[in-house]
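Observations on the model geometry
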Amino acid sequence: MRAEIAVLPGDGIGPEVTAAAVAVLREIADRHGHVFTYSENRIGGIAIDECGEPLPKATIDACLASDAVLLGAVGGPRWSDPQARVRPEQGLLALRARLGVFANLRPLRVHPRLAGLSPLKAENLAGVDLLFVRELTGGAYFGRKTREGDVATDECRYSVGEVERVVRRACELALSRKGRLTSVDKANVLETSRLWRATTDRVVGEYEGITLEHQLVDSMAMLLLTRPSAYDVIVTENLFGDILTDEAAALAGSLGVSPSASLGAGRLGLYEPIHGSAPDIAGQGVANPIGAILSAALLLRHSLGLELEACAVEAAVDAVLATAELTRDLGGTAGTEQVTRCVIEQLRSKQQAAA
Ligand SMILES: NC(=O)C1=CN([C@@H]2O[C@H](COP(=O)(O)OP(=O)(O)OC[C@H]3O[C@@H](n4cnc5c(N)ncnc54)[C@H](O)[C@@H]3O)[C@@H](O)[C@H]2O)C=CC1
Ligand SMILES: CC(C)CC(=O)C(=O)O
Ligand SMILES: [Mg+2]
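Predicted, not measured: the structure shown is a model, and the values here were computed from it.

**Thoughts on the nonpolar core**
Formed by 106 residues in total, the largest nonpolar core has its most connected members in Ile293, Ala296 and Val313. At 9 residues, helix H9 (residues 290–302) tops the list of elements feeding residues into this core. Taken together, domain 1 (1–105 + 258–355) and domain 2 (119–251) each give at least three residues to this core, which thus spans both. Not counting chain neighbours up to four residues away, the residues in contact with Val313 comprise Val24, Ile28, Ile293, Ala296, Ala297 and Leu300.

**Observations concerning the packing of helix H7 (residues 217–226) against helix H8 (residues 238–251)**
Axes are the key here: two packed helices are described by the angle between their axes and the distance separating the axes. Put simply, H7 and H8 touch, their axes get as near as 10 Å, and they point 15 degrees apart. With respect to each other, H7 and H8 are oriented roughly parallel. Helix-helix and strand crossings are classified by hand; for H7 and H8 the assignment is right-handed. Facing H7, whose interface residues are Val217, Met220, Ala221 and Leu224, H8 presents Phe240, Leu244, Glu247 and Ala248. Of the residues assigned to the contact of H7 with H8, the class counts are 7 nonpolar, no polar and 1 charged.

**Considering the pairing of strand S5 (residues 129–135)**
Burial of S5 is extensive: 6 of the 7 residues sit out of reach of the surface. Where strand S4 (residues 103–109) lies against S5, 7 bridges are found, and the strand directions are antiparallel. Note that in S5 the partner of Asn104 across the bridge is Arg134. Two elements, S5 and strand S10 (residues 233–236), share 4 bridges in a ladder whose sense is parallel. If you follow Phe132 over to S10, its bridge partner there is Ile234.

Calculation notes
- Residues numbered from 1 in each chain as written.
- Chains lettered and ligands numbered in written order.
- Predicted model: local features only at pLDDT ≥ 70, side-chain atom pairs only at ≥ 80, totals over all residues.
- Core = buried A, V, L, I, M, F, W, Y, C linked by C-beta atoms within 7 Å.
- Buried ≥ 20, exposed ≤ 12 C-beta atoms within 10 Å, placed from the backbone.
- Helix = DSSP H or I, 4+ residues; strand = E, 2+ residues; numbered from the N terminus.
- Domains from an automatic or database assignment.
- Contact = placed C-beta atoms within 7 Å.
- Axes fitted to C-alpha atoms, helices over the stretch in contact; angles between N-to-C directions.
- Parallel < 35°, antiparallel > 145°, perpendicular 65-115°, else oblique.
- Left-handed = near helix turned anticlockwise from the far one by under 90°.
- Nonpolar A, V, L, I, M, F, W, Y, C, P; charged D, E, K, R; others polar.
- Pairing = 2+ DSSP bridges.

So this is what it looks like as structure tokens:
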């Protein structure tokens, strides 16, 4: 098949990990007879430096003209002055809104070799297989902001329609898994959460075969550490989902291995590792590329419909995690390029074995 992929490397380790993901996509295209073309576009701090804004129109146009968008990360200390007029993160939020990608899928499993790196005991990690569905284009990240003297506000707003569409997506995903859905809110305090909970009850009631449980977000933060294997699909609003997924990533050994897919009504999706630009390790060639490579696998599955190829990438990553020298965050000494080469070698050896 032919596909146009917009690549947005961004800042910090973003260019390092997107280069790794593109190398894997090139290998997949070569091996499976696809023609993928790539356009590289500016977003975040580098776009502020070069174009004066974090999301130039040319980048939006390139994304809208593509079949899928692959993004690294944005932000860094250079653009973090509290007085700054524009910030890199605004570019990413605006892109998510412009693409209408309201459902952010963040899957999490714990590879057995990495269980020892988790802060939890290995026996508590057996069977952990989570799928977070984070609402991505509403809530406090998009509400009106004010700053008057010593007082600041961030409005958190949700409409019924915004909740309905993301809960429906979570229900469909739950039906393709174990059928267990946990909705996370703060309905004992927040009005938006009461609207979220009532809407969720009604939407889930339209589906057969789903067991729904509600959890308050503070309790859920604790349960992720005490009973992580008890959960299947977890749906929640934007801010709670952002925080809980970084927490959950620690169970898998490092923030560096977690991918994400942001989906809307159509096939065009935005794919990015869940981590940020990691300024503390940027430019050293030591960033873990696995979160970005697994995001490319999600791109193959969700935007291009290439399930076989997506599974091949995931199997190659599993094999690398099982046997290869890993990056520093996972206790190894390998660099980004070495791990990427190992994933590509795995893809080649698996294909040869199948031939
Ligand atoms: N989607 C995005 O573009 C995101 C951007 N950010 C931005 O990134 C900047 C840095 O934020 P932080 O809070 O430091 O979060 P971060 O996720 O960039 O880093 C947190 C810690 O995890 C490590 N880490 C992250 N990804 C890694 C990888 N692939 N391999 C090895 N280690 C990795 C970092 O070295 C750091 O110690 C900020 O400007 C923030 O706004 C933060 C989160 C998401
Ligand atoms: C706008 C981003 C920096 C928010 C974030 O941390 C994320 O989406 O994971
Ligand atoms: Mg985050």
